[in-house]
Amino acid sequence: MSGTNTGVPSVLAHDLPRPVPADELAACPVGDVFRRVGDKWSMLLVILLGGRPHRYNELHRAVDGISQRMLTRTLRGLEADGLVRREVHPTVPPSVEYSLSPLGGSLLEPLSALADWAVRHEAEINEARSRHTDARRR
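Overview of the structure. Keep in mind the model is a prediction, meaning the values are calculated, not measured.

## Some thoughts on the sheet that holds strand β1 (residues 54-55)
Thinking step 1. Taken in spatial order, the 3 strands make up an open sheet running β1-β3-β2, and their pairing is antiparallel. Two strands close off the open sheet at either side, each with one partner strand: β1 and β2 (84-89).
Thinking step 2. Where β2 meets strand β3 (residues 95-100), 6 bridges bridge the pair, whose relative direction is antiparallel. Note on β3: the bridge partner recorded for R86 is Y98.
Thinking step 3. Lying on the sheet, helix α3 (residues 42-51) is in contact with β1, β2 and β3; it crosses β3 at an angle near 95°.

Structure (structure tokens):
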């Protein structure tokens, strides 16, 4: 909703310049967050960590197909964005546990809304894709 609660979605509440300048698009915080949440692994890790903290190897075993390198890169990116906390426990050998930060936890509600929307409209999206594919084949 927009700031005035007029029923206008917030993404439509402001007019975009035409054409949208490339530097403005690159600097947009919304696009930056969408790139993070839209990558292949980030949201899966946020969802897993939303349930409870995990050790690194637990996460690696929980996500089929993710390499150690990609898991490390994704966790570092989520940590850099303030969504994930990394805690090193002083054990021998040291153990590392990952959990959602309060900021990361606040992402669960809008992420859930988007997931609910996708499930609710899955049939419509699949039908549109099918029509599009059929039309392109003609």
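Still more ground to cover, so stick around.
## Side note on the pattern of salt bridges
Thinking step 1. Counted according to the given criterion, the structure contains 6 salt bridges.
Thinking step 2. When the shortest N-O distance is used, the salt bridge between R52 and E58 registers 3.2 Å.
Thinking step 3. Overall, E58 belongs to the buried group, its relative accessible area being 18%.
Thinking step 4. Where salt bridges share partners, they join R36, D39 and D81 into one cluster.

## Regarding the layout of surface pockets
Thinking step 1. Of the pockets and cavities examined, the largest pocket occupies roughly 380 Å³.
Thinking step 2. Lining of the largest pocket is provided by 13 residues; of these, V11, L16, C28, V30 and G31 occupy positions nearest its centre.
Thinking step 3. Listed by contribution, the elements that provide at least two residues to the lining of the largest pocket are α1 (22-27) and α2 (29-37).
Thinking step 4. It is α2 that provides the largest number of residues to the lining of the largest pocket, a total of 4 residues.

## Digging into a nonpolar patch on the surface
Thinking step 1. Together, V8, V11 and L12 line one region of the surface with nonpolar side chains, adding up to about 290 Å² of accessible area.
Thinking step 2. Relative to the helices and strands, V8 resides in the segment before α1.
Thinking step 3. Exposure remark for V8: the relative accessible area of 31% places this residue in the partly exposed category.

Analysis parameters
- Residues numbered from 1 in each chain as written.
- Predicted model: local features only at pLDDT ≥ 70, side-chain atom pairs only at ≥ 80, totals over all residues.
- Heavy atoms only, no water.
- Pairing = 2+ DSSP bridges.
- Helix = DSSP H or I, 4+ residues; strand = E, 2+ residues; numbered from the N terminus.
- Contact = heavy atoms within 4.5 Å.
- Axes fitted to C-alpha atoms, helices over the stretch in contact; angles between N-to-C directions.
- Salt bridge = Lys/Arg side-chain N within 4 Å of Asp/Glu carboxyl O.
- Buried < 20%, exposed > 50% of the residue type's maximum accessible area, 1.4 Å probe, protein only.
- 1 Å grid on protein atoms, 1.4 Å probe; cavity = no way out; pocket = protein on both sides within 12 Å on 5 of 7 lines; lining within 4 Å.
- Points joined across faces, edges and corners; volume = space filled by probe spheres on them.
- Patch = residues over 30% accessible without salt bridge, like charges linked within 9 Å, V, L, I, M, F, W, Y side chains within 5 Å.
- Areas by Shrake-Rupley, 256 points an atom, 1.4 Å probe, with all protein chains shown as cover.

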